[in-house]
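As a plain string of letters, each chain reads:
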Amino acid sequence: MTDPLGWDGYADSLARAREHTGTDEAVVWERAKFGGHEVVTIRFEFGFLGGSVGTGTGALLEEALDQACAHRLPVVSLLSTGGTRMQEGVPALRQLQRIARGLARLREKGLPHITVARHPTTGGVWASLGADADVVLAVPGAQVGFAGRRVRPPRYADDPAYTAESQYAAGYVDELVAEDAIADRLEVWLGLLTGGSRNRPADLPRALGALDAAPDGRRAVQRARSADRPRADAYLDGYFDNRVTLRGGVDDGAVCGIGSRGGRAIAFAAQTGTATAPGGFRSATRLIRLADRLGLPVLTLVDTPGAAADPAAETDGAGNAIAGLFGTIAAAEVPITTLVIGEGGSGGALAFCSADRIWLTPDACFSVIAPELAAGILKRGHEDVPALADALKPRPEDLLALGAIDGIAGPEPVTFVR
């Protein structure tokens, strides 16, 4: 049903679009390769009625996704679209549900979907096929957003909020990629998304900082808070041969992504030494859910004084975000390895931790509460903080003796078997 509304002149418009583009519809799909990775590609042709989705387009999209599931192939969607085709009305609009069902089947099969938002990518296609992808790439300068230029309030027609760069800054785009680099970047991403080994845990990184034991709790906390101590970037650089980042926002206290180590793909979620905002917990949740679905082992690096406790964090749902990460790790079937590399502060740190495999570096600490906050709760003075730090037993040696952790990292990495 290509003309359900009997729209005046629509048949002629379709004929002109087909003649102009050489395609039967606004979407073309095929099996293709990026490097050695075979995929199903879905390409939107903007010259065909603005790359809009009609009933025929929906059928082609469903066919492409079904073929990907049948042959267990990843999907790459190359978007350039103005949204849903108004000449076909609500029957066209409902194709977005058809897309959503196809993507749900793809997820159930454990197959990855990468989308590339080209200029322009707006409307229902962005809100279904694009923004729902496992990885979202976008071309710099592209118009990307739900509201297309002609349907925005006039004063916002050229607002930078509707750009690929703005979507990237907000964490909704994972990487900005120039048109001539798309194929190369897709090859890298596909290698990482499909290179997992579900049953083998991630190796434990080697300790990069001081290897001697802290003499007491107070010194352990001081050393963990030192600005000179190695942070997440140093550990990730030393651990991975190469890595990519899955975005979740700006300055939220965590960096998440997938890296390659010895030819094996490993997902990572690393705290960066600051208080972790709700966005950081949500980024880690997104990462671990994706890793679990694709069979990628996970490495988490813990380094935070705790979850952000300011009013903005509460307004943004700090408790809900932390709960989501706790539940995701508890439900994950892939192995998760945790190394605490700095200060492990209460539940904000524990939410990033494996339930099975927690190690500390010698210059790290882990505590139910910071000693200064403990003093406040107990109505003690500042002079009591050192004694409280020791009483909380935050040193790796103390925690190992308590049976609260699995080990202390050394100068060499540790390989685990399941």
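Details of the structure are given in the entry above.
Report follows, based on the coordinates. (Residues numbered from 1 in each chain as written. Predicted model: local features only at pLDDT ≥ 70, side-chain atom pairs only at ≥ 80, totals over all residues. Heavy atoms only, no water.)

Let us now look at the overall build of the protein chain. Of the regular secondary structure elements, the protein chain holds 16 helices and 15 strands. Oriented by its inertia axes, the alpha-carbon framework of the protein chain measures out at about 85 × 45 × 35 Å. Every one of the 418 residues in the protein chain was classed for burial, and the buried ones make up 52%. A separation threshold of at least 6 residues defines the contact pool for the protein chain, and within that pool the share at least 24 residues apart is 71%. Between the averaged position of the 42 positive side-chain charges in the protein chain and that of its 51 negative side-chain charges there is a distance of 3 Å. (Helix = DSSP H or I, 4+ residues; strand = E, 2+ residues; numbered from the N terminus. Buried < 20%, exposed > 50% of the residue type's maximum accessible area, 1.4 Å probe, protein only. Contact = heavy atoms within 4.5 Å. Lys, Arg positive; Asp, Glu negative; His and termini not counted. Charge placed at Lys NZ, Arg CZ, Asp CG, Glu CD.)

In this section: the pairing of strand β9 (residues 254-261). The side chains of a regular strand alternate between the sheet's two faces. In terms of burial, β9 is largely enclosed, as seven of its eight residues are buried. Note: strand β8 (residues 242-246) against β9, five bridges, orientation antiparallel. Looking at the pairing, leucine 246 lines up with cysteine 256 of β9. Hairpin connection, β9 to strand β10 (residues 264-271): the antiparallel pair is bridged by two residues, and glycine 262 has positive phi, about 60 degrees. (Pairing = 2+ DSSP bridges.)

For the rest of this paragraph, the subject is the pattern of salt bridges. Charged atoms that come close allow side chains of opposite charge to pair. Counting across every chain of the model gives 22 salt bridges. Across the pair arginine 261 and aspartate 203 runs a salt bridge whose closest N-O atoms are separated by 3.2 Å. In this pair, arginine 261 is assigned in strand β9 and aspartate 203 in the loop between α7 (182-193) and α8 (217-224), connecting sequence segments 58 residues apart. Glutamate 372 is the partner of arginine 225 in a salt bridge, and the nearest nitrogen-oxygen pair spans 2.7 Å. With arginine 225 in the loop between α8 and α9 (232-239) and glutamate 372 in helix α14 (residues 371-377), this residue pair connects regions lying 147 residues apart in the sequence. For glutamate 372, a relative accessible area of 36% puts it in the partly exposed group. (Salt bridge = Lys/Arg side-chain N within 4 Å of Asp/Glu carboxyl O.)

Let's shift gears to the nonpolar core. Grouped together as the largest cluster of nonpolar side chains are 61 residues, with contacts concentrated most on Ile258 and Leu287. The biggest single contributor to this core is helix α10 (residues 278-294), with seven residues. Setting aside its immediate chain neighbours within four residues, isoleucine 258 contacts Leu192, Leu193, Arg243, Val244, Ala265, Ile266, Ala267, Phe268, Leu287 and Leu296. Counting residues in each nonpolar core, the second largest holds 20 residues, with Leu65, Ala68, Leu103 and Leu106 among its members. (Core = buried A, V, L, I, M, F, W, Y, C linked by side-chain atoms within 4.5 Å.)

Another point: unusual backbone geometry. A cis geometry characterises the amide bond from histidine 119 onward to proline 120, with omega recorded as -15 degrees. On the secondary structure map, proline 120 appears in strand β4 (residues 113-122). For leucine 49, which is not glycine, the phi dihedral falls at a positive 50 degrees. For lysine 379, which is not glycine, the phi torsion reads 60 degrees and is therefore positive. Secondary-structure assignment places lysine 379 in the loop between α14 and α15 (385-391). The class for lysine 379 is exposed, based on a relative accessible area of 77%.

On to the pairing of strand β5 (residues 135-138). Judged by which residues are buried, β5 turns out to be covered on both faces: Val135 and Leu137 on one side and Val136 and Ala138 on the other are all buried. Sheet analysis places β4 next to β5, joined by four bridges and oriented parallel. Residue pairing for β5: threonine 115 is matched across the bridge by valine 136. Once the chain exits β4 it traverses helix α5 (residues 123-130) before rejoining the sheet at β5, and the crossover so formed is right-handed. Bridging between β5 and strand β7 (residues 175-176) involves two bridges; their strand directions are parallel. Residue pairing across strands places alanine 138 opposite leucine 176, the latter belonging to β7. (Right-handed = clockwise from strand over helix to strand, strands pointing away.)

Okay, the packing of α10 against helix α12 (residues 318-331) next. Contact geometry for α10 and α12: axes closest at 8 Å, N-to-C directions at 20 degrees. With respect to α12, the axis of α10 lies roughly parallel. For α10 against α12, the interelement crossing comes out left-handed. Residues Pro278, Phe281, Arg282, Ala284, Thr285, Ile288, Arg289 and Asp292 of α10 touch α12, and the partners they reach there are Ala318, Ala321, Ile322, Gly324, Leu325, Thr328, Ile329 and Ala331. For the contact of α10 with α12, the per-class residue count stands at 10 nonpolar, three polar and three charged. (Axes fitted to C-alpha atoms, helices over the stretch in contact; angles between N-to-C directions. Parallel < 35°, antiparallel > 145°, perpendicular 65-115°, else oblique. Left-handed = near helix turned anticlockwise from the far one by under 90°. Nonpolar A, V, L, I, M, F, W, Y, C, P; charged D, E, K, R; others polar.)

All right, on to a nonpolar patch on the surface then. On the surface, Leu5, Trp7 and Met86 cluster together into a nonpolar patch covering about 330 Å² of accessible area. For tryptophan 7, the position within the fold is in the segment before α1 (10-21). (Patch = residues over 30% accessible without salt bridge, like charges linked within 9 Å, V, L, I, M, F, W, Y side chains within 5 Å. Areas by Shrake-Rupley, 256 points an atom, 1.4 Å probe, with all protein chains shown as cover.)

All right, on to the packing of helix α2 (residues 55-70) against helix α4 (residues 95-108) then. Across the interface, α2 lies against α4 with an axial gap of 9 Å and an inter-helix angle of 5 degrees. Judged on the interaxial angle alone, α4 and α2 are roughly parallel. Contact residues: Thr55, Gly58, Ala59, Leu61, Glu62, Leu65, Asp66, Ala68 and Cys69 in α2; Gln95, Arg98, Ile99, Gly102, Leu103, Arg105 and Leu106 in α4. Along the lines of polarity and charge, the residues of the contact of α2 with α4 split into eight nonpolar, four polar and four charged.

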